Amino acid sequence: MVRILVSLYIIPILLGMSRSTIYCAPTSMGGVDISGNLKLDKRFLVTDSVRIADYPYHELDLKLKSNPSENLSLYTSLKLRLWDQNLASSSADLTEISSNNPYELSLWEAYAELYSFVFDKLDFRIGKQRIAWGTADKINPTDNLNPDDFSDPLNFGEKVPTEAANATYYLSDEYSLQRLYGFRHSSPSCCPGANFPY
Amino acid sequence: MRRLLEIGIALLLPIVLWAEIPRQSSAGGGDEILKKAEDAMNAPKDRTASVKLTLIDKDGNSKVRQIKMWQLGKEKRLIRFLSPADVKGVGFLVLSDNEMYLYMPAFKKIRRIASHVKNESFMGTDFSYNDIGKCQYTNDFTAETKEETEKEYVLELTPTPKSDVDYAKLIMWVDKANYIPSKIQFYNKKGTLLKVMENEDTEKIDGYWTPRKMIMKNLKTGHKTIMELATVVHDTGLKEDMFSKRMLKRAE
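Let me begin by describing the structure that accompanies this report.

Calculation criteria
Counting starts from 1 at the beginning of each chain's written sequence and moves along it residue by residue. Chains and ligands are labelled by the order in which they are written, letters from A for the one and numbers from 1 for the other. Reporting in this predicted model follows two pLDDT cut-offs: at least 70 for local features of residues, and 80 or more for side-chain atom pairs to be given and counted; totals over whole chains, interfaces and linings ignore these cut-offs and use all residues. Only hydrogens and water are set aside; all other atoms, that is, all heavy atoms of the structure, feed into the side-chain values. Under the scheme used here, helices are H or I runs from DSSP no shorter than 4 residues and strands are E runs no shorter than 2 residues, and both carry numbers assigned from the N terminus. Residue exposure (1.4 Å probe, protein chains only): buried if accessible area is under 20% of the type maximum, exposed if over 50%, otherwise partly exposed. Note on contacts: a residue pair qualifies if any of its non-hydrogen atoms lie within 4.5 Å across the two residues. Using the Shrake-Rupley algorithm and a 1.4 Å probe, accessible areas are obtained, with residue cover drawn only from the displayed protein chains. Identification of polar contacts relies on pairs of N or O atoms within 3.5 Å, with a donor-acceptor requirement for protein atoms, meaning one able to donate a hydrogen and the other able to accept it, and with residues adjacent in sequence counted only if both atoms are side-chain atoms. We call Phe, Tyr and Trp rings a pair once their centres come within 6.5 Å, taking the six-membered ring for Trp, and we label the pair stacked below 30 degrees between planes, edge-to-face above 60, and tilted otherwise. Either the NZ atom of lysine or the CZ atom of arginine qualifies as a charge over a ring when it sits within 6 Å of the ring centre and within 35 degrees of the ring normal.

1. Looking at the overall build of chain B
- Looking only at helices and strands, chain B has four helices and 13 strands in total.
- A burial count over chain B gives 50% of its 252 residues as buried.
- Put simply, 46% of the contacts in chain B that link residues at least 6 apart link residues at least 24 apart.
- Accessible area for chain B stands at about 12700 Å²; split by element, carbon and sulfur atoms hold 54% of it.

This is how it looks when you write it as structure tokens:
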């Protein structure tokens, strides 16, 4: 079992990945700050039978931020994910554009944040947002307000932002009270696609 | 007999006092000069600066980072990275020598800088978290005047037993005219010269002596960081509230 795990996970993680990340210089347009990055991964899988599977994965992350006033901030993050892999297994599949161009465009985060909202010590954030609790990375039992995103297992620990209203009242710099309301009845975790080779 | 003793003391006293003179400079002892240097560096009530950080490796390849820095009094400091994109939004908050926080926008989390990390590189620069965050040398070092020239005092700084700095010794050149350190050498525990910081283009801004350019060279790696103050303003009335974890999160 251990051997299988090593074959399936450790080897691809340690040997089968080459990454380039290109960051675009932050720029400002009409009061909107624009920044982002393009991640290009060349991944491949080496198994016991020396079968090699190419699995290129690219991700474009675009962030927009605007501060219309001192106490209001608007933030949007768009994510375009592209699995550079032809999924067509028969000629019939060629009629499906998604088979040849498996990409996914998502509104990753989009929220408005009001500082000193009603009360001086109250900050209020509404919209699709990442709510991080605790300080540990990757394995963090307290960071459970956003569902896990396993769609790319090599990016273990990623969370899916969810639609919520988030009010934080600062009693002091050390202590704060946080009230959260999730708009969705359920926010399931994301799993890897059927084409995921690992 | 008593008379002879009094004469003996009277004759020896000037000699003893004279022997003390080289240890005390005209400005006082090393600790006093260090205190004056610290006061000169932290003279304004508050400071706001736009800073260009240039990181240059031993082959001459350079990276530029833009930051904004706010300082209140001697202790509190807030830094926000403005560019490039890979570090944009990173925030660093110093509330005291022992309380430093880093905000990483990618993780949406604030982390306290543990004491063992404070001596590591600050965001790829040649400054450590302690170098960037500590505004008061007298909290960590005792100083002794090593040399006095026409223009400068040369101090040797030794860490106090309670200090968490990783340096075994600092040699600091303090300008007599304005008490701003012009150069600091950082030695490790083996006695090897590790880093050299030079302050250049010191000028009076809003009535306060301010070095416009700081160059930190790591002699081990050949890497250096140039910190240039593009714009600086003093005493704008920064509020205490600004230096909080709540504000640090807004760095994004």
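2. Considerations on the side chain of Asp143 of chain A
- With respect to the element layout, Asp143 of chain A can be found in the loop between strand E7 (122-129) and strand E8 (162-170).
- Since its relative accessible area comes to 3%, Asp143 of chain A is described here as buried.
- There is a polar contact of 2.6 Å between the side chain of Asp143 of chain A and the side chain of Arg130 of chain A.
- Beyond its immediate sequence surroundings of up to four residues, Asp143 of chain A is in contact with Arg130, Ile131, Ala132, Trp133 and Lys159 of chain A together with Lys109 of chain B.

3. Overview of the packing of aromatic side chains
All names here are of chain B.
- Taken as a whole, this structure holds 11 aromatic pairs over all chains when the rule is applied.
- Note on Tyr137 and Phe141: the rings are 6.2 Å apart at their centroids and 40° apart in plane angle, and the pair reads as tilted.
- Residue class for Tyr137 comes out buried when judged on its relative accessible area of 17%.
- Centre to centre, the rings of Tyr167 and Phe186 are 4.8 Å apart; their planes meet at 50°, and the pair counts as tilted. Of this pair, Tyr167 sits in the loop between strand E8 (152-159) and strand E9 (169-175) while Phe186 sits in strand E10 (residues 181-187), placing them 19 residues apart in sequence.
- Tyr167 gets classed as buried once you look at its relative accessible area, which sits at 7%.
- In textbook terms, an aromatic cluster arises when at least three aromatic residues are bridged by ring pairs, as seen for Phe81, Phe92, Phe122 and Tyr129.
- It is Arg111 that lies over the ring of Phe107; its NZ or CZ is 5.5 Å from the centre.
- Positioned above the aromatic ring of Trp173, the side-chain terminus of Lys183 is 4.8 Å from the ring centre.

Geometric values such as these leave the question of function open.
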